[in-house]
Amino acid sequence: MTTRLDSLKTLSLVVADTGDLEAIKRYRPHDATTNPSLLLKAFDLPGYQALIDEELAALRAEFQDRQARVEHAVDRLAVAKGAEIARHIPGRISTEVAARLSFDEEASVRKALELIELYERRGVDPDRVLIKLASTWEGIRAAERLEREGIQCNLTLLFSEAQAQACFDAGVFLVSPFVGRVTDWYKKATGRDYAPEEDPGVRFVQGVCQRAGHGGYDTVVMGASFRTVGQVLALAGCPRLTISPSLLEELAAEEGEVARAVEIPAAAGKRPGPLTEPAFRWGHNQDAMANDKLAEGIRRFDEDQRRLEARLAERLG
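So, here's what we can say about the structure. (Residues numbered from 1 in each chain as written. Predicted model: local features only at pLDDT ≥ 70, side-chain atom pairs only at ≥ 80, totals over all residues. Heavy atoms only, no water.)

Section: the nonpolar core
Here is step 1: In terms of nonpolar packing, the biggest core is built from 84 residues, with Leu8, Ile131, Leu155, Val175, Val221, Leu235 and Ile243 touching the most fellow members.
Here is step 2: The biggest single contributor to this core is helix H6 (residues 105–121), with seven residues.
Here is step 3: Setting aside residues no more than four positions away along its own chain, Ile243 makes contact with Leu8, Val14, Val15, Ala16, Asp17, Phe226, Val232, Leu248 and Leu251.
Here is step 4: Listed in part, the 21 residues of the second largest apolar core include Ala42, Leu56, Ala73 and Leu77. (Core = buried A, V, L, I, M, F, W, Y, C linked by side-chain atoms within 4.5 Å. Buried < 20%, exposed > 50% of the residue type's maximum accessible area, 1.4 Å probe, protein only. Helix = DSSP H or I, 4+ residues; strand = E, 2+ residues; numbered from the N terminus. Contact = heavy atoms within 4.5 Å.)

Here's what the structure looks like:
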């Protein structure tokens, strides 16, 4: 009898939402990701210490100024870990541009190019890397420019139809609409729980899949930020799903077939014209949940980046 995880993999490409190499080896995802939040979680893992020490030693040798060492440390660590992970997956490794650059298009492009250069130094081809950017207007514009240069992107913290449409317009490779954080907001606002079939986060990602299919867009939709196995199974058939190790473990421990829950429709008619910046900002502004969760997500990612920088500064001495 097949496990639910193996059955799910026949319907959706599974991505590991973790920086834990042991979990990646165990569950054999197609793609994986690194970001400061995941690196922070993995920071104290025994198997991670040699890599941290190696990167910090290289920074001490390369930079005399302590602040310069700290500023480069997170990116170096993310790329070192990403390069290691890339050896154990067939697909892509997503690596994040710092959240503090979410409203700076030029700085985001520069940082993305720096990350690609760091990967190339480690022998990882750019086509194995996805640059991860927040789905702000500036982040989407940076991604559009990078895509034209052959650098493919993963647009994260996506909570509104306006964000999804702007990403489709820009021709980005992949978008990560969030499930759990959307549902968290509605549960807090309404005081109720939701079954998977009526879950607001699940319905949002289903809608993004429908929009992508009807418009005939090439952008890949990847459901993200799951809280329960029920949410994952309610999106079986979404092109990609990024899932935490705890939920991967649940899926791997249960036998049974997974039914397709998401059908991507064929392109239907003319696409809408591309969103202008005012239309994007107004459309996103009209969604209170999306406004709250985008701002909160950027703050949380930045907080984790700062915490990771502080931990690395301690180790640098």
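Observations regarding unusual backbone geometry
Here is step 1: With a phi close to 50 degrees, Arg28 is a non-glycine residue in the positive phi region.
Here is step 2: Here Leu157, not a glycine, exhibits a phi torsion of approximately 50 degrees, which is positive.
Here is step 3: By the element assignment, Leu157 lies in strand E5 (residues 153–158).
Here is step 4: Take Leu157: its relative accessible area is 1%, and that puts it in the buried class.

Comments concerning the side chain of Thr3
Here is step 1: Secondary-structure assignment places Thr3 in the segment before helix H1 (4–9).
Here is step 2: When its relative accessible area of 17% is taken as the criterion, Thr3 is described as buried.
Here is step 3: In this structure the side chain of Thr3 is engaged in a polar contact, spanning 3.0 Å, whose partner is the backbone nitrogen of Asp6.
Here is step 4: If we skip the residues at most four places from it in the chain, Thr3 touches Leu251, Ala252, Glu254, Glu255 and Gly256. (Polar contact = N/O pair within 3.5 Å; in protein donor to acceptor, adjacent residues only side chain to side chain.)

Brief notes about the packing of aromatic side chains
Here is step 1: Inspection of the entire model under this criterion finds four aromatic pairs.
Here is step 2: Seen in terms of ring centroids, Trp137 and Phe280 are 5.3 Å apart; in terms of plane orientation they differ by 45 degrees. Their pairing is tilted. Here Phe280 lies in helix H13 (residues 277–285) and Trp137 lies in helix H7 (residues 137–148), a separation of 143 residues in the sequence. With respect to burial, Trp137 and Phe280 carry one shared label: buried.
Here is step 3: Measuring from ring centre to ring centre gives 5.0 Å for Trp185 and Tyr186, while their planes differ by 80 degrees; the resulting arrangement is edge-to-face.
Here is step 4: A relative accessible area of 23% means that Trp185 is categorised as partly exposed.
Here is step 5: The ring of Phe173 carries Arg92 above its face, with NZ or CZ at 4.7 Å from the centroid.
Here is step 6: For the cation-ring pair, Arg141 lies above Trp137, with the distance from its terminal atom to the ring centre recorded as 4.3 Å. (Phe/Tyr/Trp six-rings, centres within 6.5 Å; stacked < 30°, edge-to-face > 60°. Lys NZ or Arg CZ within 6 Å of the ring centre and 35° of its normal.)

Topic: the pattern of salt bridges
Here is step 1: Counted by the stated rule, this structure contains 27 salt bridges.
Here is step 2: Notably, a salt bridge pairs Glu309 with Arg100, separated by 3.1 Å at the nearest N-O pair. Of this pair, Glu309 sits in helix H14 (residues 288–316) while Arg100 is found in the loop between strand E3 (93–96) and H6, placing the two residues 209 residues apart along the sequence.
Here is step 3: Members of the salt-bridge network, linked through shared partners, are Arg100, Asp302, Arg306 and Glu309. (Salt bridge = Lys/Arg side-chain N within 4 Å of Asp/Glu carboxyl O.)

Quick notes on the packing of helix H9 (residues 180–190) against H14
Here is step 1: Where H9 meets H14, the closest approach of the two axes is 10 Å, and the angle between their N-to-C directions is 120 degrees. It follows that H9 is oblique to H14 by the angle criterion. Once H9 is placed against H14, the crossing between them reads as right-handed. Two secondary-structure elements touch here, H9 through Arg181, Val182, Trp185 and Tyr186 and H14 through Ala288, Met289, Asp292, Lys293, Gly297 and Phe301.
Here is step 2: The residue inventory of the contact of H9 with H14, partitioned by class, reads six nonpolar, one polar and three charged. (Axes fitted to C-alpha atoms, helices over the stretch in contact; angles between N-to-C directions. Parallel < 35°, antiparallel > 145°, perpendicular 65-115°, else oblique. Left-handed = near helix turned anticlockwise from the far one by under 90°. Nonpolar A, V, L, I, M, F, W, Y, C, P; charged D, E, K, R; others polar.)

Concerning the pairing of strand E7 (residues 220–223)
Here is step 1: Side chains of E7 alternate between two faces, with Val220 and Met222 and Val221 and Gly223 buried alike.
Here is step 2: As paired strands, strand E6 (residues 174–177) and E7 are joined by two bridges and run parallel to one another. Following the sheet pairing, Leu174 is matched in E7 by Val220. (Pairing = 2+ DSSP bridges.)

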